[in-house]
Structure formats: C-alpha cells, structure tokens
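Coordinate inspection notes
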Amino acid sequence: MCGSRTAWTSWLVLVVQLLCLEAVPISMDKTKIQEPEPKADEAPASVDTGLHYDRYLREVIDFLEKDQHFREKLHNTDMEDIKQGKLAKELDFVSHHVRTKLDELKRQEVSRLRTLIKAKQDLEGGNDIAVDHQAVLKQFEYLNHMNPHTFEVEDLDRLIRSATNDLENFDKERHEEFKRYEMMKEHDRQEHLKTLDEEERRKEEEHYDEMKKKHADHPKVNHPGSQNQLKEVWEEADGLDPEDFDPKTFFKLHDTNGDGFFDDQELEALFTKELEKIYDPTNEEDDMVEMEEERLRMREHVMNEVDSNKDRLVSLDEFLVATKKKEFLEPDSWETLEQNQAYTDEEMREFEEHLVQQEEDLNQKAVDLQKQRDELEKQQEQLNAQKVELQQAVEHMERLKTLKVDPPPEVHIEGNAIPEVHDNVLPPGHQAIPEEHHSAPQDHLDPAKAHPDDAAQNQGQHGLPQTQHHLPPGHQDMHQEVQQGHPNSP
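Remember, predicted model here, so these are calculated numbers, not experimental data.

For the rest of this paragraph, the subject is the overall build of the protein chain. The number of helices and strands found in the protein chain is 20 helices and two strands. The long-range share in the protein chain, meaning contacts at least 24 apart out of those at least 6 apart in sequence, stands at 70%. Summed over its atoms, the accessible surface of the protein chain is roughly 33,000 Å², and 50% of this surface lies on carbon and sulfur atoms.

The next subject is the pattern of salt bridges. Any two side chains of opposite charge can pair, given that their charged atoms come close. Under the definition given, this model contains 31 salt bridges. Among the ionic pairs, E347 bridges to K179, the shortest N-O distance being 2.9 Å. With E347 in helix α16 (residues 345-403) and K179 in helix α7 (residues 153-194), this pair connects stretches of sequence that are 168 residues apart. R349 is the salt-bridge partner of E353, the closest N and O atoms lying 2.5 Å from each other. Placement of both E353 and R349 in helix α16 is noted, with a separation of four residues, approximately one turn of the helix. With a relative accessible area of 46%, E353 lands in the partly exposed category. Overall, the relative accessible area of 39% leaves R349 in the partly exposed class. It is possible to trace a salt-bridge network through shared partners that takes in E182, K185, D287 and E290.

With 30 residues, the main nonpolar core has V60, L102, Y142 and L156 as its most contacted residues. Only α2 (54-64), α3 (68-75), α5 (96-123) and α7 provide two or more residues apiece to this core. Once residues within four sequence positions are removed from consideration, L156 is found in contact with V60, L64, F70, A88, L91 and F151. Core analysis: the second largest hydrophobic core is formed by 28 residues, F250, I278, V302 and A322 among them.

Turning our attention to the packing of aromatic side chains. Aromatic ring pairs are reported here in terms of the distance separating the ring centres and the angle at which the planes meet. Evaluation of the coordinates by the stated rule reveals ten aromatic pairs. Taken together, a centroid distance of 6.3 Å and an interplanar angle of 10° make the contact between F250 and F319 stacked. One end of the pair, F250, is in helix α10 (residues 247-254); the other, F319, is in helix α14 (residues 316-322), and 69 residues separate them in sequence. Judged by relative accessible area, F319 falls into the buried class, the value being 7%. Note that K66 overlies the ring of F63, its terminal NZ or CZ placed 4.2 Å from the centroid. We note R189 situated over the ring of Y208; from NZ or CZ to the ring centre the distance is 3.9 Å.

Running from amino to carboxyl end, α7 crosses helix α13 (residues 288-306) at an angle of 150°, the nearest separation of the two axes being 11 Å. In terms of orientation, α7 and α13 fall into the roughly antiparallel class. In the packing of α7 onto α13, the handedness of the crossing is left-handed. Between α7, through D171, R174, H175, F178, Y181, E182 and K185, and α13, the contact on the second element is made entirely by V289, E290, E292, E293, L296, R297, R299 and E300.

Another aspect to go through is the environment of H301. Summarising the element assignment, H301 is placed in helix α13. Apart from residues no more than four positions distant in its own chain, H301 is found in contact with H223, P224 and W334.

This paragraph deals with the packing of helix α9 (residues 227-236) against α10. The relative placement of two packed helices comes down to the angle between their axes together with the axis-to-axis distance. Where α9 contacts α10, the two axes come as close as 11 Å, and the packing angle between them is 65°. Crossing angle aside, the handedness with which α9 passes α10 is left-handed. Residue-level inspection shows L230, V233 and W234 of α9 in contact with α10, the latter providing T249, F250, L253 and H254. Looking at the contact of α9 with α10 residue by residue, the class counts come to five nonpolar, two polar and no charged.

So, about the side chain of E90. Position of E90 relative to the elements: it lies in the loop between α4 (79-83) and α5. No salt bridge is formed by the buried E90, whose closest oppositely charged neighbour, K73, lies at an N-O distance of 4.4 Å. Only 3.0 Å separates the side chain of E90 from the side chain of H69, close enough to count as a polar contact. Setting aside anything within four residues of it in sequence, one finds E90 in contact with H69, F70 and K73.

Here E182 is to be found in helix α7. If near-sequence neighbours (up to four positions away) are discounted, E182 is found in contact with E290, A342 and Y343.

This part takes up the confidence of the model for the protein chain. This prediction gives the protein chain a mean pLDDT of 77; 69% of its residues lie at or above 70. For residues 1-47, every residue scores under 50 in pLDDT, and the model assigns this stretch 109 contacts once sequence neighbours within four places are set aside. Here residues 455-470 is modelled with pLDDT under 50, and outside its nearest four sequence neighbours on either side it reaches 19 contacts, counting other chains as well.

Quick notes on the rules
- Residues numbered from 1 in each chain as written.
- Predicted model: local features only at pLDDT ≥ 70, side-chain atom pairs only at ≥ 80, totals over all residues.
- Heavy atoms only, no water.
- Helix = DSSP H or I, 4+ residues; strand = E, 2+ residues; numbered from the N terminus.
- Contact = heavy atoms within 4.5 Å.
- Areas by Shrake-Rupley, 256 points an atom, 1.4 Å probe, with all protein chains shown as cover.
- Salt bridge = Lys/Arg side-chain N within 4 Å of Asp/Glu carboxyl O.
- Buried < 20%, exposed > 50% of the residue type's maximum accessible area, 1.4 Å probe, protein only.
- Core = buried A, V, L, I, M, F, W, Y, C linked by side-chain atoms within 4.5 Å.
- Phe/Tyr/Trp six-rings, centres within 6.5 Å; stacked < 30°, edge-to-face > 60°.
- Lys NZ or Arg CZ within 6 Å of the ring centre and 35° of its normal.
- Axes fitted to C-alpha atoms, helices over the stretch in contact; angles between N-to-C directions.
- Parallel < 35°, antiparallel > 145°, perpendicular 65-115°, else oblique.
- Left-handed = near helix turned anticlockwise from the far one by under 90°.
- Nonpolar A, V, L, I, M, F, W, Y, C, P; charged D, E, K, R; others polar.
- Lys, Arg positive; Asp, Glu negative; His and termini not counted.
- Polar contact = N/O pair within 3.5 Å; in protein donor to acceptor, adjacent residues only side chain to side chain.
- pLDDT = per-residue confidence, 0-100.

So this is what it looks like as structure tokens:
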C-alpha cells in the first residue's frame, strides 16, 4: 500500500491512542448530523502515544512536515520503506531552518534525559557518585547519544524504528498490566477472607459466586468485525436499515477523521454496543477495567484479521477484502473475559511469592530506616549534651569575670629597701599592725636589729632578696667581714 502524508503521521502519532481508555460514542446518527467545519487556523490535536518520548516524537514530526521537499517524498514512499529507514535519508535535503530547529529539539531532549538521570540518582541517595551520562544514555535507543548536539539521519532512523517497536509492544505490556491487576484483585480477596470467621467467609464466598453468575448472564456477544456485529452498529448506532448494509458506506461513516483509514480508536469505537451487553458501570458485578481489556482484545483481533500489511491501520481496500471472507460472513462465537481467565495457577503462585518477597524487602528496609533514625536521635542527644556543657562553661566564665578582684598596684624595689606597706594594700590574710605597736622602739621595728636571722628568713619568705645568698661569687667573704666588724670597716 502506498502511504500518504496523513497515513505516515497517523502511524507515528495518531494511530496508537492506547492510553485513551474511554471509547468514542457512536450512538448518534451520522447521516443526520452535520459536523462543524474546523477553523483554518486550528491545528488538529495531537494524541499522546503513551511513549516516554512522545513529546519529542511529535515535535520532530511537526517540523518535518513544514518542509516542502520532505512532504513530497512522503507522498511517494511506501509504508514498509518508511519503517526500514529509507525516508530518513531525505533529511539531508530539508531546509536549513528545519535542520536547525531539529538540532535544538535534540539538545533539549538530551538535556531532559540527563535531568531525569540526575533526579533518579538523587532519589537513590547517590549524590556523591559521579554519573557516566554517555553510558546511561545508551538505554535510550531513539536517539544517537554519541552526538548530543545535532539531529542527523541516524537520529530520524532511530526514532522511526524505536517508535515502531515500542508501539507494537505496547499492547503486550497492557495485557501484562491487566494480568497483574487481576491477580492482585484475587490476592486481596483471599486476604480479606482470612480476616473473617467461618460463617462470614461462607457468606462472602456465596456472594462472590452470585456476582460471577450475574455478570455472565448477558446477551450473546457478536464476533468483533463480523457481518452481524457491524450490521448491529449500522442499525442501532447509525439508525439505518440492516437490509441496506453497505460495507463501503459503513467505512466512510465511521472513519471519523476522514483520512481513509480505521485507526485503533476508530476500531474500538465500533465495539461499544457489544461491550454494553456485558458491562454496566452501575452494576456491582461489572469491572470497568475488565471492560477496557475486552475492548482491547476485540480491536487486536480485528487488526490481526484485517490489517494485511501490518501497518496498524485498516484501509478501505483491506476492509472491503475482509468483508468477503468466510470469517466475516460465518464467524465463530466470541469468548469473553469471564470465559478466559487472564492468568494460570502457576502465574498466580509466582505472583504470590513475589508479593511475599516484596513485603520482606519492605520490612527489612523499615528496620534499617528505624536503626538510622535511632542513631540520628542518639547523635542529636550527644550534640544537645555538648551544647548544654558549653553553655554552662560560658556562664561560669561570665560569673568569674564579674567577681574578679583588682590586683594590687605594682611596687618598684630599689636595692635592699623594704617597700612601705600600707593598710589598704595588704594582701588578703594579713592583719594590719595594731596602733599600740606604732610607738614601739625603732629597734623593735627593725627586723635586722632585733633578730638578724629572722629578718633574713622573713625576707626570703616575702620574696625579698637575701643579701648573702645572692652576692656574686667572691663577695661573700667580704660581706661576712663587714658584719663581724672588720677593722677596715668604717
């Protein structure tokens, strides 16, 4: 099939709308409603593909479409050639303005990835560990991390290939997510039963069986994409006579964006009537998560049966060919989810073991965190004690400073003279000489005359120089002669 500009854009951005869980209503008669014309300056809304690089993907596509040469190549390129990267080589011929903008978009995307890597490192507590960004960026295969500055042919080729692979695996990931949801729901139910006594458990089991039977009691579900299923939409949603059913007219009625293809969302909208037979949001027994999984199963089935070139689009030609097959005219019965359990007993057992391991890991982590908390509290207590001791020492120093006595004035002693002692400067512990002693004979007051030996001893005790012991060598004999009344003394 030869791809057009609309087809390629739809393949990359608009085709995969798997995150849109609410179906488009189809219960209106499109033959009686005239859709308003879109404004000329209003661009069609881009739909999130669910990829983590969705914004980067859409921005690259938007700017490539602005280049006239690239648009012309797009009209003449087969979808399979696009997937194989042949279109990417045309990047060398786009305008300088577009290439410059693509360079800027790539630099912004690399910066975003590095920011995410740093944020993840901070959350994991590795602030002091150097990060090899080039090594980590290898996991992002949709861009060439070795050249973070310019957008080259390899970048466009990588982007196309990655988007193709990721979108093809998206359904598989959703199925796995639904399987985990179902197993967790059963796990929670079993855990709840363990909290009940025998009588309450019996009543709960009876209520559960009753809800299952009530859910399974619904009208027959037509095989998705079969003649009976489409005729029912033709009659009930479009308000047309089923005897006048025309596949080509039906296709044009439900090609809501008018691009000539059925994409995922347009196909899923066709199954709303069938799903309403099984699920009612007001019923306790009906799970809306299961309803969306059923819608996904129906869409996948039709895609596998009708999409012959596997481009995730159903063209008018593919649709008309499918309406002539036996599967369309005489389909098998459709088995709903309640007839096909999403998981096996072995998968449930492994899931339970995984939950147990997760709980043990969380408990161990809680213990480690409690130990860290206790250690931090202990360190805080030590710091608080040190702070109190320091404060007490400061207060003690302040008290000593306020109680300090001024020192006595400095006394200069010349020779062997004894300084005159005043009453008001006596050191503490020395009593002043009584008044009556002031009239004593001079000899009594002179320590040298009264008791020469005692005087010398007292001088030593008061820190005064002792004459005999402090004379220079050779002068001691002369000093003794003077004391003994040497005849040569005056």
